[in-house]
Amino acid sequence: MKTIFGTVLLMLLFMVGGCAGGYSKMASEVDAYRPPPYFKSLSDAAKFSEPDPAKRYPAGHQGRMPAAEMREEWRHAPSTAGAVPPFYRPEPDRFRKLSAAAVSDAGAAETLRDGYTLETLEILTLVRNPGIDAARRRVAAERTAFSQVADLGAVLEQYTAFTEGLMTGVGPMKGKDSVRMKFPFPGVTALKGEVVRQSVTAAAESLETTRRDALSRVRKTYWNLLYVRKARNITSETLALFQRLESVAQTRYKAGNTSFQDVIKVTIESRILEEDLVTLTERTRNLESKLLDILDLPPETIIGPPADQAPNRNLPALDRLYPLARERRQELRRLRARIGKMERMLELAETMILPPYSLGLSYYDDEAVLQVGSAAVKPTFSDRTTAAVGAGLPKSPWFGTNDAWLAGTRRSLAALRADLREAAAATDSRVRNAWFALDRAIREEALYRETVVDLSKSALDVSTRGYESGTVSFADVIGSYTNWLTVGLALARKVSDVGVARAELAQAVGASL
């Protein structure tokens, strides 16, 4: 009995020692576990920084760009794709000075209180316009989609490297399908990045479109405001002349040298000019309110007069504007980005749902290669290919369900390409019309400035001297004064039309001329 008891006790001691040794060995293996070499590049993604160039491509990396490098490329990407310059680029020092002062409403109002130039308005528009700020935030929102391209894949691969590859012997032995099985082609990750890149490019072009339109609005408002202020000054000066002429007519009527009709005519003209002066004053306030709207300033803000400056009267060659507009117009570039995005989405969808090139006989899944011997759960490699799982059920029952979506997307892509051709043709027409408006404004402004104004001034002087000598009727004198007013207003309008037409031509081309 004692011998049997001793034997059993000895066997128990051997079993406990063996278990203890096996557990110690397993614990040592877990502690000594190291992920595969390619995980080095994945761990850099979690640091949000550019890895050292010497360690960027470790052994076994196979030339794949780490997520951190991709992130840095996105972070430092320009607002628009490629090397295309922006629609407007102010002088850096002046932009830095004005942008620092215009952050607050009080600073912007102080900048405009004593007068302003067109360049000041342009810089303030870039800094303060809420539409531009909204478009800038949309670009930032599109860039956040990059995390789905790099970070999600990095998390899954970290899980594969640290967790799924460990044979702990607890729970189910088989994990989910590897990412490589769902994306069998090596360029899919880069393809997803290109989809996001095209989305960001389209958003950046929308931002540039918003900047262009806001700058065009403020430029046209500036030139219209300059005209209204000039028109108000001209009308005020002409009203003073009519009031003096009215007093002369009343004096001559009392002396019996003219009729009462002459007094009535000049009085009517004076009253009309007084009303026109009030209208021009209110139009000035309307245009100033439009400036406050563009610059996001309170309506009670008081701004000074615009600085008087001559517009650029150079006429660009029309044949050079057509190719420039097709290259630089933001709507066309945005359409090209949308087409590029849809092309890559189609390629990505086809890659994901169509059968891979291989029959799947040699896929190596992300599971430990310990599925052999008496502890094997399933064969490591597939030994046959089946078309169904039994009972007539297909092996991939959802295969082909996206085919209708692909067909519709291909037709949508063809429609986008047709839209691009239509937009390009419309751009040519818009450029031609804007160029014609600028050409006409330059020619008419030169005609009034060099010929019509001088002739009108001569006619006014002759009629005034003739009226004093009694050889010219009072009606002719009033007509000369009225014509002088009309010509003066027309010249001021033509000068501003040159600036407005140039702003519209730059807007049509998509680049400052």
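Residues numbered from 1 in each chain as written. Predicted model: local features only at pLDDT ≥ 70, side-chain atom pairs only at ≥ 80, totals over all residues. Heavy atoms only, no water.

**Some points on the packing of helix H12 (residues 318-328) against helix H15 (residues 474-509)**
Working step 1: At their nearest, the axes of H12 and H15 sit 8 Å apart, and the two run at 60° to each other. Overall, the two elements H12 and H15 adopt an arrangement that is oblique. Across the interface between the two elements, Leu321, Leu324, Ala325 and Arg328 of H12 pack against Leu505, Ala508 and Val509 of H15.
Working step 2: Across the contact of H12 with H15, the residue classes tally to six nonpolar, no polar and one charged. (Axes fitted to C-alpha atoms, helices over the stretch in contact; angles between N-to-C directions. Helix = DSSP H or I, 4+ residues; strand = E, 2+ residues; numbered from the N terminus. Parallel < 35°, antiparallel > 145°, perpendicular 65-115°, else oblique. Contact = heavy atoms within 4.5 Å. Nonpolar A, V, L, I, M, F, W, Y, C, P; charged D, E, K, R; others polar.)

**Some details on the confidence of the model for the chain**
Working step 1: For the chain, mean pLDDT is 76; residues scoring 70 or higher make up 65% of the total.
Working step 2: At the low end of the mean pLDDT range in the chain sits helix H2 (residues 39-45), at 44; at the high end sits H12, at 94.
Working step 3: The low-confidence segment residues 76-82, where pLDDT is below 50, has eleven contacts with residues more than four positions distant or belonging to other chains.
Working step 4: Of the regions scoring below 50 in pLDDT, residues 173-177 engages in ten contacts with residues more than four places distant in sequence or in other chains. (pLDDT = per-residue confidence, 0-100.)

**Describing a nonpolar patch on the surface**
Working step 1: The grouping of Tyr253, Phe260, Ile264, Ile268 and Ile272 at the surface amounts to a nonpolar patch, some 450 Å² of accessible area in total.
Working step 2: The greatest single-element share of the nonpolar patch, amounting to four residues, is contributed by helix H11 (residues 260-295).
Working step 3: Looking at the secondary structure, you find Ile272 in helix H11.
Working step 4: Judged by relative accessible area, Ile272 falls into the partly exposed class, the value being 41%. (Patch = residues over 30% accessible without salt bridge, like charges linked within 9 Å, V, L, I, M, F, W, Y side chains within 5 Å. Areas by Shrake-Rupley, 256 points an atom, 1.4 Å probe, with all protein chains shown as cover. Salt bridge = Lys/Arg side-chain N within 4 Å of Asp/Glu carboxyl O. Buried < 20%, exposed > 50% of the residue type's maximum accessible area, 1.4 Å probe, protein only.)

**Description of the nonpolar core**
Side chains of a nonpolar character, in soluble globular proteins, are inclined to be buried together.
Working step 1: Ranked by size, the top nonpolar core spans 25 residues in total, and within it Leu112, Tyr116, Leu121, Tyr222, Leu291 and Leu295 carry the most contacts.
Working step 2: Mapped onto this core, the elements with two or more residues apiece are helix H5 (105-113), helix H6 (118-128), helix H10 (188-255), H11 and H15.
Working step 3: When neighbours within four sequence positions are excluded, Leu295 is seen to be in contact with Leu112, Leu121, Leu124, Thr125 and Arg128. (Core = buried A, V, L, I, M, F, W, Y, C linked by side-chain atoms within 4.5 Å.)

**A few points about the packing of H6 against H11**
Working step 1: Packing of H6 against H11 leaves a shortest axis separation of 8 Å and a crossing angle of 45°. When the interaxial angle is binned, H6 and H11 end up oblique. Packed against H6, whose contacting residues are Leu121, Leu124, Thr125 and Arg128, the element H11 presents Leu291, Ile294 and Leu295 at the interface.
Working step 2: Broken down by class, the residue content of the contact of H6 with H11 amounts to five nonpolar, one polar and one charged.

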